[in-house]
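Structural overview for review
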Amino acid sequence: MKTVRIGVLGCADIARRRMLPAIAAEPGITVAAVTSRDTARARDLAGQFGARPVTGYAELLERDDIDAVYVPLPAALHAQWTEAALRAGKHVLAEKPLTTSLDESRRLIGLARESGLALMENIMFVHHSQHDAVRKLVADGTIGEPRAFHAAFAIPRLPDDDIRYSPELGGGSLWDTGVYPLRAALHFLGDDLEVLGALLTGGPGRRVDTAGSALLRTPEGVGVQLAFGLDHGYRSAYEIWGSQGRITVERAFTPPADHRPVVRIERRSGFEEISLNPDDQVATTVRAFAAAVRDRSAPDPVCLRQAELLHELRERALPSRP
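What comes next is a walk through the structure. Per chain, the residues get numbers from 1 upward, laid out in the order the sequence is written. Only residues with pLDDT of at least 70 get local features here, since the model is predicted, and only at 80 or more are side-chain atom pairs given and counted; chain-wide, interface and lining totals rely on the full set of residues. Note that the side-chain values use all heavy atoms of the structure and ignore hydrogens as well as water.

Some points on helix 4 (residues 78-87)
In plain terms, the rule: Classification of residues uses two cut-offs on accessible area relative to the type maximum, computed with a 1.4 Å probe and protein chains only: under 20% is buried, over 50% is exposed, and between them is partly exposed. Helix and strand assignments follow DSSP, with helices taken as H or I runs no shorter than four residues and strands as E runs no shorter than two, numbered in order from the N terminus. For this analysis, residues touch if any pair of their heavy atoms sits within 4.5 Å.
With respect to burial, helix 4 is a largely interior element, 7 of its 10 residues being buried. If you check which residues of helix 4 are buried, you get His78, Ala79, Trp81, Thr82, Glu83, Ala85 and Leu86. For helix 4, the secondary structure elements touched by its buried residues are strand 1 (4-9), helix 3 (57-61), strand 4 (68-71), strand 5 (91-95), helix 5 (102-115) and strand 6 (119-122). Just past helix 4, the residue glycine 89 takes up positive phi, approximately 85 degrees.

The structure is reproduced here in structure tokens:
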């Protein structure tokens, strides 16, 4: 496959602002078609990238000039249209979370494996090179043995009609912002995490959780504290605390392409800041998906483990959520 031809299901803001420009700029992958239930919206967005406008999601999946689809729909629609795409023989890049149901996530991952199709959840920060640099520092013993991991991702209050406040569309802080710190813990500590407790709370008048926190641990006894929300001062960071110091990364999860990351190391001898090269995690994610399509790669097992932990956090926090 020389060029991976992408069809886009919907005209969401993240598709307009970030993903479609990255796909269009990347050699070997192209925006082939854009669909919407609104013909005018499909025509407008498709025209910006030289793609074909299509009216209706099912109609796009029937096309034989599409190799893969990108699904930026509300979370509650991910399962339906990811399954439809896989059954139509298309590879899938789905926005996070893959689904809001553990059973659905298991079924879709199994279907992709059985069909020999790539299924990738669009969690972009794991493709940013700054986290490889942090992993190396930890592996080299820069801060000794890990003792604790803290991570937080929260954003300011959104407009009242934002889909992230709608339970019918799969809204809530756990699904939207909680994925990031949890995935960071999996990224650095491995998938053998145990949930000890969780809290989900909703702001006044909200029908979804707008704030959350969780406590987990590794088999070695590394404590994991996570915080997330939709009604906070902005925070996007993690810290790895070791027996001889700690590493802190700010702007960890959604840095712009021109951001120069700074890794802060604190030890008894003092502070050190390591400045890293900028990296475009949207572009590297697009490349990773194109490679998965060409190789017909099986879904990343971390995707399923993340779904299991999200489900457990929600169940453990059930009495506290709105």
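Resuming the write-up.
A word on the pairing of strand 14 (residues 270-275)
Within a regular beta strand, the side chains point alternately toward one face of the sheet and then the other, so they alternate between its two faces. The condition is simple: Between any two strands, pairing holds if DSSP finds at least two bridges.
Where strand 13 (residues 262-267) meets strand 14, 6 bridges bridge the pair, whose relative direction is antiparallel. Paired with arginine 267 across the two strands is glycine 270, which belongs to strand 14. The antiparallel pairing of strand 13 with strand 14 creates a hairpin that spans 2 residues between the two strands.

Thoughts on the sheet that holds strand 14
Selection rule: A fitted line through C-alpha atoms serves as each axis, taken over the contacting stretch for helices, and the angle formed by two N-to-C directions is quoted from 0 to 180°.
Ordered in space as 8-9-10-7-11-12-13-14, the 8 strands form an open sheet in which the pairing is mixed. Each edge of the open sheet is held by one strand with a lone partner, namely strand 8 (194-201) and strand 14. Here the average twist between neighbouring strands, direction ignored, is 10 degrees. Its contacts with the sheet put helix 7 (residues 173-189) on strand 7 (146-154), strand 8, strand 9 (211-217), strand 10 (223-229) and strand 11 (235-242), and the angle it makes with strand 10 is roughly 155 degrees. Along the sheet face, helix 9 (residues 301-316) touches strand 8 and strand 9 and points at about 60 degrees away from the line of strand 8.

Some points on empty space enclosed by the protein
Convention followed: In this analysis a 1.4 Å probe is tested at points of a 1 Å grid over the protein atoms alone, and where it fits but cannot get out there is a cavity; an open set with protein on both sides within 12 Å along at least five of seven lines is a pocket; lining residues have an atom within 4 Å of a point. Grid points are joined across faces, edges and corners, and a volume is the space filled by probe spheres set on the points. When residues are grouped by polarity, Ala, Val, Leu, Ile, Met, Phe, Trp, Tyr, Cys and Pro land in nonpolar, Asp, Glu, Lys and Arg in charged, and all others, Gly among them, in polar.
In this structure the tally under the stated criterion is 1 cavity of 30 Å³ or more. Size it by volume and the largest cavity reaches roughly 80 Å³. Lining the largest cavity are 14 residues, and of these Thr99, Ser105, Trp175, Ala307 and Leu310 sit closest to its centre. Counting only elements with at least two residues in the lining of the largest cavity, the list comes to helix 5 and helix 9. Among the elements that make up the lining of the largest cavity, the one with the highest residue count is helix 9 (5 residues). A class-by-class count of the residues in the lining of the largest cavity yields 7 nonpolar, 6 polar and 1 charged.

Topic: the nonpolar core
Quick reminder of the rule: Only buried residues count toward a nonpolar core, which is a set of Ala, Val, Leu, Ile, Met, Phe, Trp, Tyr and Cys residues joined through side-chain atoms within 4.5 Å.
In terms of nonpolar packing, the biggest core is built from 45 residues, with Val134, Phe149, Leu216, Leu226 and Tyr238 touching the most fellow members. The leading source of residues in this core is helix 7, at 9 residues. In this structure, Tyr57, Ile66, Leu73 and Ala94 belong to the second largest nonpolar core, which totals 28 residues.

A few points about the sheet that holds strand 2 (residues 29-36)
Strands sit in the order 3-2-1-4-5-6 across an open sheet of 6 strands; the sheet is parallel. Of all the strands in the sheet, just strand 3 (52-55) and strand 6 have a single pairing partner and so form its edges. With direction set aside, neighbouring strand axes in the sheet form an average angle of 25 degrees. In terms of strand pairing, strand 2 meets strand 3 through 4 bridges, oriented parallel. By the bridge assignment, serine 36 is partnered in strand 3 with threonine 55. Against the sheet, helix 1 (residues 13-25) touches strand 1, strand 2, strand 4, strand 5 and strand 6, its axis set at about 150 degrees to strand 2. Across the face of the sheet, helix 4 comes into contact with strand 1, strand 4, strand 5 and strand 6 while running at roughly 165 degrees to strand 5.

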